[in-house]
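# Results of the structural survey
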Amino acid sequence: MSVSPENMSVAGSIPSSCLVSIFWAAEKLERETGIDVVKLHVGDPYFHPSDDVAQAFVDAVRRGDTKYTGVEGLTALREAAAEKLRTDNGLDSDVNRLLISPGSAQGLTGLLHSLAEPGAEILLPELHWPVHLQQSLLAGFRPVLYPLGPGFRPDPDRIAAAATPRTRVLLINSPANPTGVVLDGDEIRTLLDLARRNRWQVISDEAYEHFCYEGEHISAASFERDVPAAERIVHSVFTFSKGFAMTGYRLGYVAPATDRAADVMKVVQEAGIIGTSTPVQHAGIAALKGRADSTASHRKLVQRNRDAALPPLIKAGLLHALPAGGWYAMLDVTRSGLDAESFAMRLLERKGVAVVAGNGFAMRPGVDDRGRIRSHDYAPWARHLVRIAFCVDPAALETGVRRIVEFVEECVAEARG
């Protein structure tokens, strides 16, 4: 049923992300031709959770531990998460402020809904994970995209200039998706000082906390250990998907800044999810018990991929430097003469390699007074950017990189005639 723009809902005005379109294009090509697509478009690791994670899940099912838990999650899992935050992240979050969620994406969604107010604005980086933008709009925020500085790093002056009296939240993501930027302590402290001066709340998405190859991961909330709990502003979001390779389990957790914020989010969770899967939560307990070995092992696997497979992209002039963290690299395919969307589709058709058009990470929505997208375009500087995931099988990654370089050289040769 078609809906006139005047009656369209906010959700109805939000387009699917660039991630969805290439996902279905790759699936269609495989189904219709039988070609095994080299999938560099999805951040799904080639390694798996440790055996004790799967065993904990199975044991919970077999003993019938499949009933509802409280909306905030199993006490044992929250206690384990609180201990991990204290020892690994430098956070002193109380167990009663922690909430378990079915994946950090839902945790982010619930947190945004709990912080939203009519007409409020949220500051997002101009090169962002598209889901952050979708989540913000669905929660009722008006997104304001702040320009990034050199190397895709946040620039406090540019952030301050982009803000308005309606700004309520600043979102930071380190290590960042899609850029791989890792913020250092001075950068994080400067951003928090800016937020505190302006009475903003801060959301810190730390999904890739275990994947830092240059420097170290620093949790934003660790700077608030000496701040009274009622005066804190950093809300932290974590996941089991990346460091523990539990993407399909769908498990995450949120550490709201204050007791009040946690109480509000509990209401959002009650209305939105009732509770997180009980067997999955038991798997999470097992994951946290063995975290030191598993997360370090998984980081080494991805770093080995980065170090072994990505240098040819630098030599070919497609990548400026190896990403400092995360699972992704942003390529500049200007040499090919193609824009990002054409590059992604032709690479898939001619070489059987799936990548994501990077302009979709720089969408600029025009939002009306009811929070609906009336129009959108893309930042022109992102016109030739393409994102690849390097957490995939090493052989597939090497094949994909080789084919990308070959494809670019073919495009250059064709343009010369």
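Since the model is a prediction, treat every value here as computed from it, not as a measurement.

## Regarding the sheet that holds strand β14 (residues 385-389)
If you trace the three strands from one edge of the open sheet to the other, you get β9-β14-β11, paired in antiparallel fashion. Looking at the sheet topology across the chains shown, the edges are occupied by β9 (328-332) and β11 (356-357). Pairing analysis gives five bridges linking β9 to β14, with the strands arranged antiparallel. Across the sheet, Met 330 pairs through a bridge with Arg 387, a residue of β14.

## Overview of helix α10 (residues 291-309)
Given a rise of 1.5 Å per residue, 19 residues ought to cover 27 Å, and the 27 Å separating the end C-alpha atoms of α10 matches this to within 8%. When we look at burial in α10, the residues that qualify are Arg 291, Ser 294, Thr 295, His 298, Leu 301, Val 302, Gln 303, Asn 305, Arg 306 and Ala 309. Tucked inside the fold, the buried residues of α10 contact α3 (75-89), α9 (278-289), α11 (311-315) and α13 (394-416).

## Brief notes about the state of the cysteines
This model, assessed by the stated rule, comprises zero disulfides. Cys 391 provides the cysteine sulfur closest to Cys 18, a residue in no disulfide bond, and the two sulfurs are 16 Å apart. Overall, Cys 18 belongs to the buried group, its relative accessible area being 13%.

## A closer look at the nonpolar core
Core analysis: the largest hydrophobic core is formed by 60 residues, its most contacted members being Leu 77, Leu 123, Ile 159, Leu 170, Phe 240, Met 246 and Leu 348. When residues are assigned to domains, this core turns out to be shared by domain 1 (11-47 + 292-411) and domain 2 (51-290), each giving three or more. For Ile 159, the contacting residues outside a window of four places in its chain are Leu 123, Tyr 146, Pro 154, Leu 170, Leu 191, Leu 194 and Trp 200. Ranked by size, the runner-up nonpolar core spans 42 residues in total, among them Leu 301, Val 333, Val 392 and Leu 397.

## A few points about the UniProt feature "domain: Aminotransferase class I/classII large" (unreviewed entry) in the chain
The UniProt record annotates "domain: Aminotransferase class I/classII large" (unreviewed entry) at residues 36-373. In residues 36-373, helix accounts for 39% and strand for 15%; the two terminal C-alpha atoms are 37 Å from one another.

## As for the domain arrangement of the chain
Examined at the domain level, the chain breaks down into domain 1 (11-47 + 292-411) and domain 2 (51-290). If you average the C-alpha positions of domain 1 and of domain 2, the two centres end up 24 Å apart. Across the contact, 46 residues belong to domain 1 and 32 residues belong to domain 2. Summed over both partners, the interface of domain 1 with domain 2 buries about 3100 Å², with 64% contributed by carbon and sulfur atoms. Of all residues in domain 1, the largest losses of buried area upon contact with domain 2 belong to Ala 324, Phe 361 and Trp 381, amounting jointly to 18% of the total for that side. Our count for the domain 1 to domain 2 interface comes out at one salt bridge. Among the elements of the structure, α1 (18-33), α10, β9, β12 (363-367) and β14 are those that each provide at least two residues to the side of domain 1 that touches domain 2.

## A closer look at the environment of Ala 60
Within the secondary structure, Ala 60 is located in helix α2 (residues 51-62). Owing to a relative accessible area of 0%, Ala 60 belongs among the buried residues under this scheme. Here Ala 60 is in contact with Asp 65, Thr 66, Pro 279 and His 282, once residues within four sequence places are set aside.

## A few points about the side chain of His 282
Tracing the backbone through its elements, the reader meets His 282 in helix α9. If sequence neighbours within four positions are ignored, His 282 has contacts with Ala 56, Ala 60, Arg 63, Asp 65 and Leu 74.

Calculation rules
Residues numbered from 1 in each chain as written. Predicted model: local features only at pLDDT ≥ 70, side-chain atom pairs only at ≥ 80, totals over all residues. Heavy atoms only, no water. Pairing = 2+ DSSP bridges. Helix = DSSP H or I, 4+ residues; strand = E, 2+ residues; numbered from the N terminus. Expected span 1.5 Å × (residues − 1). Buried < 20%, exposed > 50% of the residue type's maximum accessible area, 1.4 Å probe, protein only. Contact = heavy atoms within 4.5 Å. Disulfide = S-S within 2.5 Å. Core = buried A, V, L, I, M, F, W, Y, C linked by side-chain atoms within 4.5 Å. Domains from an automatic or database assignment. UniProt positions renumbered as here; feature names shortened; annotations may be inferred. Buried area = accessible area lost by both parts, 1.4 Å probe. Salt bridge = Lys/Arg side-chain N within 4 Å of Asp/Glu carboxyl O.

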